[in-house]
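Per-entry structural report
Each chain, written out:
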Amino acid sequence: NYFDKLNFKENKDKLPKLHIYCGSNDPLEKQLEVASRKMKEVLVKHGYDESLIYETYDVDKVHNEEAWRLILLDSFNFLLDLNK
């Protein structure tokens, strides 16, 4: 299994923070939301530290730059520890 070979538990200090973002107000976003939630589940199952994963799901947004712009500050705050 590919994820088992990555040794997430042994390399915890080297793992990047991840922000999983998805809307679900169009057909593409609905498909991506299912896959995004599954990806987090698989990563955590294989030892990825759940505290390194930030999720945002917005049922009112579609797959475009305008929607991403609205969550960009939250994403940067999490990924770069700007709230310290």
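Definitions and limits used
Position numbers for residues count from 1 along each chain, tracking the sequence in the order it is written. Residue-level local features of this predicted model are given only where pLDDT is at least 70; pairs of side-chain atoms are given and counted only at 80 or more, and the full residue set underlies all totals for whole chains, interfaces and linings. The basis for the side-chain values is all heavy atoms of the structure; hydrogens and waters are excluded. Secondary structure elements follow DSSP: runs of H or I no shorter than four residues count as helices, runs of E no shorter than two count as strands, and numbering proceeds from the N terminus. Each residue is assigned to one of three classes by its accessible area relative to the maximum for its type, calculated with a 1.4 Å probe on protein chains only: buried under 20%, partly exposed between the two thresholds, exposed over 50%. Every residue pair with non-hydrogen atoms within 4.5 Å of one another is taken to be in contact. We get accessible surface area from the Shrake-Rupley algorithm with a probe of 1.4 Å; when it comes to residues, only the shown protein chains can shield them. Without a salt bridge and with relative accessible area above 30%, a residue can belong to a patch; like charges are then joined within 9 Å and nonpolar side chains (Val, Leu, Ile, Met, Phe, Trp, Tyr) within 5 Å. When a carboxyl oxygen of Asp or Glu is within 4 Å of a side-chain nitrogen of Lys or Arg, the pair counts as a salt bridge.

**Details of the overall build of the protein chain**
- On a plain count of helices and strands, the protein chain comes out with three helices and two strands.
- Reading the protein chain from its N terminus to its C terminus gives the helix and strand order α-β-α-β-α.
- In terms of its C-alpha atoms, the protein chain occupies a principal-axis envelope of roughly 40 × 35 × 15 Å.
- Of all 84 residues assigned to the protein chain, the portion counted as buried reaches 33%.
- Of the contacts made within the protein chain by residues no fewer than 6 positions apart, 73% connect residues no fewer than 24 positions apart.
- Here the protein chain has roughly 6,100 Å² of accessible surface; of this, 54% comes from carbon and sulfur atoms.

**So, a nonpolar patch on the surface**
- On the surface, a nonpolar cluster with roughly 440 Å² of combined accessible area is contributed by L72, F76, L79, L80 and L82.
- Position of F76 among the secondary structure elements: in helix α3 (residues 65–79).
- Using a relative accessible area of 38% as the deciding quantity, one classes F76 as partly exposed.

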